[in-house]
Amino acid sequence: MKMPMKSPEFDMSGLGQRLAGQQGPELWRSLEQLADTPAFREAVDNEFAAGAPEWNDGLSRRRFLQLMAASLALAGLHGCTRPAEEKIVPYVNQPQGMTPGKPLYYASTHTLGGLGRGILVEQNMGRPTKVDGNDLHPATPGFDNPLPTAMRFGAADIIALASILSLYDPERSQTVKRVGRVSSWETFALSMEEELARLTPRQGEGLRILTEATSSPTLADQFNRLKVKFPAAQWHQYEPVNQDMVRAGAMLAFGQDVRPIYHFDKTVVVLVLESDFLIIGPAAVRYAHDFAWQRRVRTDRPTMSRLYAVESNLTSTGSVADHRLALKPSDIERFVGALAAKLGVSGGGAADAQGLDADWLAAVAEDLQAAAGNATALVVAGESASPRVQALTHAINVKLNAVGSTVTFIEPVHAFPVEHAESLTQLVADMQAGQVSTLIVIGANPLHNAPGDIDFAGALKKVPLRVHMGLYEDETAFQSHWHIPLAHELETWGDARAFDGTVSLIQPMIAPLYQGRSPHELLALLLGDGRRSSQRVVKDFWLKRWGGVDSEIAWRKALHDGVIENSAAEVRQVTLAPVGAWAAADPKPTGSDTLEVSFQVDTAVYDGRYANNAWLQELPRPVTKLVWDNAAHISPATAARLGLVNGEVMHLSAGTRGVDAPVWITPGHADDCVTLPLGYGRTRAGEVGTGVGFNAYLLRSATSPWHESGVTWRKTGLNHKLVTTQMHHSMEGRGFVRTGTLLDFIHDPEHITAHGHQKKNGVPLTLYEPFTYEGTQWGMSIDLTSCVGCNACVIACQSENNIPVVGKEQVSNGREMQWMRIDHYFEGDAHQPDASHVQPVACMHCESAPCEVVCPVGATTHSDDGLNEMTYNRCVGTRYCSNNCPYKVRRFNFLEYQRPMAPSLELMQNPQVTVRQRGVMEKCTYCVQRIRRADIDARTDSREIYDGEVVTACQASCPTQAIVFGNINDPASRVSQEKAPKQPHAYGLLSELNTKPRTTYLARIRNLNPKLAPQSPAGGAAQH
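Residues numbered from 1 in each chain as written. Predicted model: local features only at pLDDT ≥ 70, side-chain atom pairs only at ≥ 80, totals over all residues. Heavy atoms only, no water.

Visitor: Just give me the short version of the overall build of the protein chain, but keep the residues and values in it.
Guide: Within the protein chain one finds 32 helices and 41 strands. Classification of the 1024 residues of the protein chain by burial places 61% in the buried group. Considering only intrachain contacts with a sequence separation of at least 6, the fraction spanning at least 24 residues in the protein chain is 75%. For the protein chain, the accessible area works out to roughly 39,900 Å², and carbon and sulfur atoms hold 53% of it. (Helix = DSSP H or I, 4+ residues; strand = E, 2+ residues; numbered from the N terminus. Buried < 20%, exposed > 50% of the residue type's maximum accessible area, 1.4 Å probe, protein only. Contact = heavy atoms within 4.5 Å. Areas by Shrake-Rupley, 256 points an atom, 1.4 Å probe, with all protein chains shown as cover.)

Visitor: How would you sum up the sheet that holds strand 15 (residues 407-410)? Please name residues and give values.
Guide: The strand order across the open sheet formed by 3 strands is 10-15-21, and the pairing between neighbours is antiparallel. Looking at which strands have only one partner, the edges of the open sheet turn out to be strand 10 (259-262) and strand 21 (571-572). Where strand 10 and strand 15 come together, 4 bridges link them in antiparallel fashion. The residue bridging isoleucine 261 from the neighbouring strand is threonine 408, located in strand 15. (Pairing = 2+ DSSP bridges.)

Visitor: How would you sum up helix 20 (residues 551-561)? Please name residues and give values.
Guide: Within helix 20, the full set of buried residues consists of Ser551, Trp555, Ala558, Leu559 and Asp561. Those residues of helix 20 that are buried lie in contact with strand 3 (104-112), strand 20 (503-506) and helix 19 (534-546). Just past helix 20, the residue glycine 562 takes up positive phi, approximately 90 degrees.

Visitor: Before we move on, can you summarise the packing of aromatic side chains with the specific residues and values?
Guide: The full count for this structure, using the stated rule, is 23 aromatic pairs. Put simply, the rings of Tyr262, Phe264, Phe277, Tyr287, Phe291 and Phe499 touch in pairs and so form one group of aromatic residues. Here the guanidinium or amino end of arginine 301 rests over the ring plane of tryptophan 293, the centre of that ring lying 5.9 Å away. It is arginine 930 that lies over the ring of phenylalanine 153; its NZ or CZ is 5.5 Å from the centre. (Phe/Tyr/Trp six-rings, centres within 6.5 Å; stacked < 30°, edge-to-face > 60°. Lys NZ or Arg CZ within 6 Å of the ring centre and 35° of its normal.)

Visitor: Tell me about the nonpolar core, residues and numbers included.
Guide: Counting residues in each nonpolar core, the largest one holds 163 residues, and the members touching the most others are Phe264, Leu652, Leu676, Tyr887 and Leu989. Excluding residues within four positions of it along the chain, tyrosine 887 makes contact with His729, Met731, Arg821, Val841, Met844, Cys846, Leu989, Leu990, Thr995 and Pro997. Grouped together as the second largest cluster of nonpolar side chains are 34 residues, Tyr308, Leu356, Trp360 and Ala385 included. (Core = buried A, V, L, I, M, F, W, Y, C linked by side-chain atoms within 4.5 Å.)

Visitor: Provide a residue-level description of the pattern of salt bridges, including the pertinent values.
Guide: On inspection of all chains with the given rule, the structure shows 46 salt bridges. Across the pair glutamate 491 and arginine 172 runs a salt bridge, and its minimum N-O distance is 2.7 Å. You can see glutamate 491 sitting in the loop between strand 18 (482-485) and strand 19 (494-497) and its partner arginine 172 sitting in the loop between helix 5 (158-167) and strand 6 (177-178), a full 319 residues away along the chain. We note that glutamate 491, like arginine 172, is buried. A salt bridge links glutamate 800 to arginine 930, with the nearest nitrogen and oxygen atoms 2.9 Å apart. In this pair, glutamate 800 sits in helix 26 (residues 792-800) while arginine 930 sits in helix 30 (residues 928-940), placing the two residues 130 residues apart along the sequence. Judged by relative accessible area, which is 7%, arginine 930 ranks as buried. If you follow the salt bridges from partner to partner, you end up with Glu212, Glu239, Asp607 and Arg609 in one network. (Salt bridge = Lys/Arg side-chain N within 4 Å of Asp/Glu carboxyl O.)

Visitor: Before we move on, could you go through the pairing of strand 5 (residues 127-133) and cite the residues and values that matter?
Guide: Across the 7 residues that make up strand 5, a large majority, 7, are buried. Between strand 4 (residues 115-124) and strand 5, which pair antiparallel and follow one another directly, the connecting turn spans 2 residues, one of which, methionine 125, has a positive phi of 55 degrees.

Visitor: How would you sum up the packing of helix 18 (residues 519-526) against helix 19? Please name residues and give values.
Guide: Where helix 18 meets helix 19, the axes come as close as 8 Å, and the angle between the chain directions of the two elements is 85 degrees. One element, helix 18, and the other, helix 19, form an angle in the roughly perpendicular class. Mapping the contact onto sequence places His520, Glu521 and Ala524 in helix 18 and Ser534, Val537 and Val538 in helix 19. Here the residues of the contact of helix 18 with helix 19 sort into 3 nonpolar, 2 polar and 1 charged. (Axes fitted to C-alpha atoms, helices over the stretch in contact; angles between N-to-C directions. Parallel < 35°, antiparallel > 145°, perpendicular 65-115°, else oblique. Nonpolar A, V, L, I, M, F, W, Y, C, P; charged D, E, K, R; others polar.)

Visitor: Quick one: what's the story with the sheet that holds strand 3, residue by residue and with numbers?
Guide: In space, the 3 strands of this open sheet follow the order 3-4-5, with antiparallel pairing throughout. This sheet does not close on itself; its edge strands, each paired only once, are strand 3 and strand 5. Within this sheet the neighbouring strands show an average axis-to-axis angle of 35 degrees, counted without direction. For strand 3 and strand 4, the ladder comprises 9 bridges, and the chain directions are antiparallel.

Visitor: Any details on empty space enclosed by the protein? Residues and values, ideally.
Guide: This structure, assessed with the given rule, holds 15 cavities of 30 Å³ or more. Approximately 990 Å³ is the volume found for the second largest cavity. Every element with two or more residues in the lining of the second largest cavity is listed here: strand 3, helix 5, helix 7 (217-229), helix 15 (446-449), strand 17 (465-470), strand 19 and helix 18. Across the lining of the second largest cavity, the residue classes tally to 18 nonpolar, 24 polar and 8 charged. (1 Å grid on protein atoms, 1.4 Å probe; cavity = no way out; pocket = protein on both sides within 12 Å on 5 of 7 lines; lining within 4 Å. Points joined across faces, edges and corners; volume = space filled by probe spheres on them.)

Visitor: Give a detailed account of the packing of helix 8 (residues 244-254) against helix 13 (residues 387-399), specifying residues and quantitative values.
Guide: Running from amino to carboxyl end, helix 8 crosses helix 13 at an angle of 50 degrees, the nearest separation of the two axes being 7 Å. Comparing their axes, helix 13 and helix 8 come out oblique. Crossing angle aside, the handedness with which helix 8 passes helix 13 is right-handed. On helix 13, the residues that touch Met245, Val246, Ala248, Gly249, Ala250, Leu252, Ala253 and Phe254 of helix 8 are Pro387, Arg388, Gln390, Ala391, His394 and Val398. The residue makeup of the contact of helix 8 with helix 13, split by class, is 10 nonpolar, 3 polar and 1 charged. (Left-handed = near helix turned anticlockwise from the far one by under 90°.)

Visitor: Please set out the confidence of the model for the protein chain residue by residue, giving values where relevant.
Guide: Within the protein chain, residue pLDDT values average 86, and 86% of them lie at 70 or more. Low confidence marks residues 1015-1024, where pLDDT is under 50. Its contacts with residues over four positions away, or in another chain, come to 27 contacts. (pLDDT = per-residue confidence, 0-100.)

Visitor: With reference to specific residues and values, describe the environment of leucine 543.
Guide: Inspection of the secondary structure assignment puts leucine 543 in helix 19. The spatial distance from the C-alpha of leucine 543 to the C-alpha of isoleucine 553 is 9.8 Å, given a sequence separation of 10 residues. Beyond its immediate chain neighbours, meaning those up to four positions away, leucine 543 contacts Arg536, Ser551, Glu552 and Trp555.

Visitor: Please set out the state of the cysteines residue by residue, giving values where relevant.
Guide: Put plainly, a disulfide is one covalent bond tying together the sulfur atoms of two cysteines. Summed over the entire model, instances satisfying the criterion amount to 0 disulfides. Cysteine cysteine 881 remains unbridged, with the sulfur of cysteine 851 as its closest cysteine sulfur at 6.3 Å. There is no disulfide at cysteine 927, and the cysteine sulfur nearest it, in cysteine 954, is 6.2 Å away. Judged by relative accessible area, cysteine 927 falls into the buried class, the value being 7%. (Disulfide = S-S within 2.5 Å.)

Visitor: Give a detailed account of the side chain of aspartate 331, specifying residues and quantitative values.
Guide: Looking at where aspartate 331 falls in the secondary structure, it is placed in helix 11 (residues 329-342). Residue classification places aspartate 331 among the buried residues on the basis of a relative accessible area of 14%. Reaching out from aspartate 331, the side chain makes a polar contact with the side chain of arginine 334 at a distance of 3.2 Å. (Polar contact = N/O pair within 3.5 Å; in protein donor to acceptor, adjacent residues only side chain to side chain.)

Structural data, given as structure tokens:
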């Protein structure tokens, strides 16, 4: 909602003086905290967010009770909240292989950007309820489980984990429609047969098919056969997040279309350029896993790789970098040219380093050269980097001996790779010229995400027959004659290649909920065989391809494992082409009266296709912690220069293209540029996603889809409410993140955790009687060096434990319900923070738990295996436990968030976990349902629970293996190896309060370059 502009409450001029005179760095979470504003001090004093104890209309709880006391008394028991009465019916004939209470797991594939990632889908009584990664798939490596016989989970990203909610989304397209009216697949098939009969004599002239990127071998085979049937037909592809820049850069550098595969497990020194490779993209989980392996510091492995990041906006990858430099896009291109020249790369262009940090540039070049001797250096350009930056990066890697070691190249794994912008532009031109009589759109939504300089909507109106197949009746579906519901990937059959070419199968976990059809069925219809199911199409393709008597065995093995053996793409040899277009002159800097704009993939809704997924909308974004919105990110210095404050709406324009965007001031952002996240501003995305944020695609151009220079701006006089959780549940004034350098760890690791920690002599007084754990005592360790803040643990926990969403308004009141949060801290100056740190925080399961002694009804108690338990039907909602918790990790159901619930969403609920009601306190349970399941199995077998037998949801999903869980009473368990005294940099959060937390942390270690490390007064590298 937009409203007249309010007077700013935050004065940017105070930032420069905030850190003046301080000895050493200081951690802070927001610009308000850094400036120590009155609003911030008031928020700290109030402890909970303003409005948290109030109802939706602002009526306080106390006033509500005063006014309604008589009515509530008369209402009696009928006014109490209770679940509806339900009848259950037992099985007459129980299905074979299904045991009530025991889930089954099936391998399948989830696609992103047309590429597959392996998933394991948990089924409870035939209902898919949870998605994890498949550790047999190259894109989703698993947790190093010491128990080979245990259930092996692979890691996953937030989009794959949240796909289960999209499956059950009641607002998915549910029926075939013709001009907005309900129809049927059979009627559509008859209509298409008539249309194909008209197209056949003309060999398909006028037929166009538009899809998103795909790597499906089966779909490619169908398109090839369709091309034989209709030679004049054309297949176009468009996906707003594509590899056009990567393709163009490879053509410049090598003269051939190849795709890089990075091997971060072999690197020692890494430089990334405008790349958030740790959390975005089909290979992000693999890359994060391999990168973290080289960063894992232990007493028996006192070494780690070093990461440099150059980027315009602070990303998760930039947050974990040892050294980071914020530059606007044009300066990044100049930086790469200067680096190439310094490394002796011919064709790097003029080494124009004017205005750049010469010391930073020299130190990076020297470090990369030192690692080149043993081929452990790597330079990575993000997919949004210009073709010149891509080509220069390849040339630098050749110079550093990285090719063949830390980076290899393969042929494109997408089916029929094309330049997406060029393909869409050609399609629109043909439609405008009247050369398209039938357009079939599968999955794509160009009416929302086409560049602003392509009039797809106007061209579409000139097409006589328009067919759309999609998960939702989206913007493109609304303008089509026919709309066909697309089956969800958990409802159908298919196949896809991974980032490295490995093929994996897609198999359904449940029958289609909403009459959905697959692209294979639609193409089979076009091929004249509309009766073939998607399973028949996919299976026949692979049986024919394999041939032989063992093909059926190979099919079943591929279904079981989720991958087809030995299907990865072969490595291609590349040779650097003669100096070419990448030697062009360096870009001219932007004028002072205009801005540069960078477009960025949103970490949650991606390109907009997940806009109706409430889990992803309510997930706090990395760094900013914004929810339910996107914003125009600018630096504090630029905000001060332009006179802008958070939430103020600015109009950005480039030629005839323009968009209104609210401002969010982001520490560490480059000056004189703006970053706009894509995927928002949907007009037909369902109740959840419609009207959320602004559509940045309107400012995008087909010729320069990722960066726009010379953008003009003006104030609109409007203000938009942006909600962030950055300061929610703050532990202000107490110790939190502990960090140090690699040299500190080698010479004095205990100093890292002892710094600023007041040690007490003697035995502290306690209200708790000592308890001896003779058996299992559960505990957790989180490695802050490995954690990249990807939020996978948050979504995994939400899915596993039936955690509700509450909406933007309730989040603004501090009522978000996620059991885990990722705190983000900055260090140093607001304009160029020296570092930023992330820290996952959930219930610590304290041995001396402050929450337990204050509960008047015994709802929160201690188990004999060390869990801080919640008995939901005892809780009366006093919230004393939350008041007494120093970690602020308890969540209260202020409203009936779980009811009423759509019938389809009820199918998604994990039957092993209670669905909580209003007035009940809840929090992390260490996935107690998994613990009890393992306990029952162990008792049945008359044994102890093995180490690694219990894997919590957050632990299973973590790409970097930062989370370890197990029995801390077992000295040989992995979790015991991660705690003090075996790891002297281990510490407990707020342990000085004598809470004795069972969740402990390993301090974050940074591998600083001595030539760039900030110096402390004692002369060493600055630290906490």
